[in-house]
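This is what each chain is made of:
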Amino acid sequence: MSGKQSGLYTVVANKSISDDTFRLAVAWENAPPGAGQFFLIKSGRSSVILGRPISAAHYDGRAVHFLIMKIGTGTRELAETREGETVFMIGPLGNGWSDFLPEAPQNGKPIALVSGGLGCAPLLYFAEELAARASPSFHFYAGFSTASPWLTGMTASLPVPPQKLIVTTDDGSDGEKGVVTDALDARAYAAVFSCGATAMLKAVAAVCAKAGIPCFISVENHMACGVGACLGCAVKTASGNKRCCADGPVFNAREVIFA
Ligand code: FES
């Protein structure tokens, strides 16, 4: 994975995509982050001490793009940054989805990317990586609470679209009504890669375990240092506590002990 950098980087675009979500693009002249890796980010004139951990959603050759929800002071400050201003970033951090591809059986089946809400962002970036390879092919499942413009806009930018795109919404306002695990037949896949809220990851892991299919999940956790030093992001696993920031954020779901 790419070497970590830190410093002030220039915002090249910042666009609102819904009432509470925005897409931030930051100039990045270093090696591209791997899909699944994240950065600690805060506004260059922020009042907060710690950057927010945000996964890369896209890399266009000159800027890293992030999809960010306004959920606190740090992210609201980021939402207000304008083109030409700076953000402070540390990254890329953590492991990536592709580290786990060798663990997916090569049985001719596609892999499934299964997201909940903004969990679609790092998986869409992974889809870009997959699209650049000859195999495996992939299907994309995206669950939302209600209809969302995010996925349409993001999938339109993929060099190769997924063979199959399944959208679910809790209220039935787009795609199939229900939760994303309702639509997922894990037995159809060589492996499942998933990102979203913990309850959703737990449900996806359970579906895969029942079907005997490998499942890899990106775990969300509170973070402080982001570099493996403070032990403030412990994830309970079958082999003891692991650091989400340094040992993850992607884990084999079989290893993770959910609360
Ligand atoms: S955030 Fe400090 S060890 Fe992970």
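Residues numbered from 1 in each chain as written. Predicted model: local features only at pLDDT ≥ 70, side-chain atom pairs only at ≥ 80, totals over all residues. Heavy atoms only, no water.

Peer 1: Please clarify how the nonpolar core should be interpreted in this entry.
Peer 2: Among soluble globular proteins, nonpolar side chains are generally buried collectively. With 43 residues, the main nonpolar core has Phe 66, Met 89, Ile 111, Leu 113, Phe 126 and Phe 193 as its most contacted residues. Per element, the largest residue contribution to this core is 7 residues, and it comes from helix α2 (residues 120-131). When residues of this core are assigned to domains, at least three map to each of domain 1 (5-93) and domain 2 (97-252). Excluding anything up to four places from it in sequence, Met 89 contacts Gln 5, Ser 6, Gly 7, Tyr 9, Val 26, Trp 28, Phe 39, Leu 40, Ile 41 and Phe 66. Counting residues in each nonpolar core, the second largest holds 29 residues, with Leu 40, Tyr 141, Met 200 and Cys 208 among its members. (Core = buried A, V, L, I, M, F, W, Y, C linked by side-chain atoms within 4.5 Å. Buried < 20%, exposed > 50% of the residue type's maximum accessible area, 1.4 Å probe, protein only. Helix = DSSP H or I, 4+ residues; strand = E, 2+ residues; numbered from the N terminus. Domains from an automatic or database assignment. Contact = heavy atoms within 4.5 Å.)

Peer 1: Would you take a moment to explain the layout of surface pockets for this structure?
Peer 2: Vacant regions in the atomic arrangement are exposed by a probe of water-molecule size rolled over the atoms. Size it by volume and the largest pocket reaches roughly 1100 Å³. Around the largest pocket, the lining is made up of 44 residues, and of these Leu 118, Gly 119, Gly 196, Ala 197 and Glu 220 lie nearest the centre. Per-element tally for the lining of the largest pocket: the top contributor is strand β4 (residues 52-55), with 4 residues. A breakdown of the residues in the lining of the largest pocket according to their chemical character gives 23 nonpolar, 18 polar and 3 charged. Composition of the lining of the largest pocket by domain shows at least three residues from each of domain 1 (5-93) and domain 2 (97-252). (1 Å grid on protein atoms, 1.4 Å probe; cavity = no way out; pocket = protein on both sides within 12 Å on 5 of 7 lines; lining within 4 Å. Points joined across faces, edges and corners; volume = space filled by probe spheres on them. Nonpolar A, V, L, I, M, F, W, Y, C, P; charged D, E, K, R; others polar.)

Peer 1: Please clarify how the sheet that holds strand β9 (residues 138-144) should be interpreted in this entry.
Peer 2: Here we have 7 strands laid out as an open sheet, ordered β11-β10-β9-β8-β12-β13-β16, and mixed in their pairing. One side of each edge strand has no neighbouring strand; the edge strands of this open sheet are β11 (176-177) and β16 (250-252). Across 4 bridges, the pairing between strand β8 (residues 111-116) and strand β12 (residues 192-195) is parallel. Within β12, the position partnered with Leu 113 by the bridge is Phe 193. Packing against the sheet, α2 makes contact with β8, β9 and β12, and its axis sits at approximately 155° to β8. The sheet contacts of helix α5 (residues 198-211) involve β8, β12 and β13 (215-218), and relative to β12 the element is tilted by about 165°. (Pairing = 2+ DSSP bridges. Axes fitted to C-alpha atoms, helices over the stretch in contact; angles between N-to-C directions.)

Nothing here speaks to function; it is geometry throughout.
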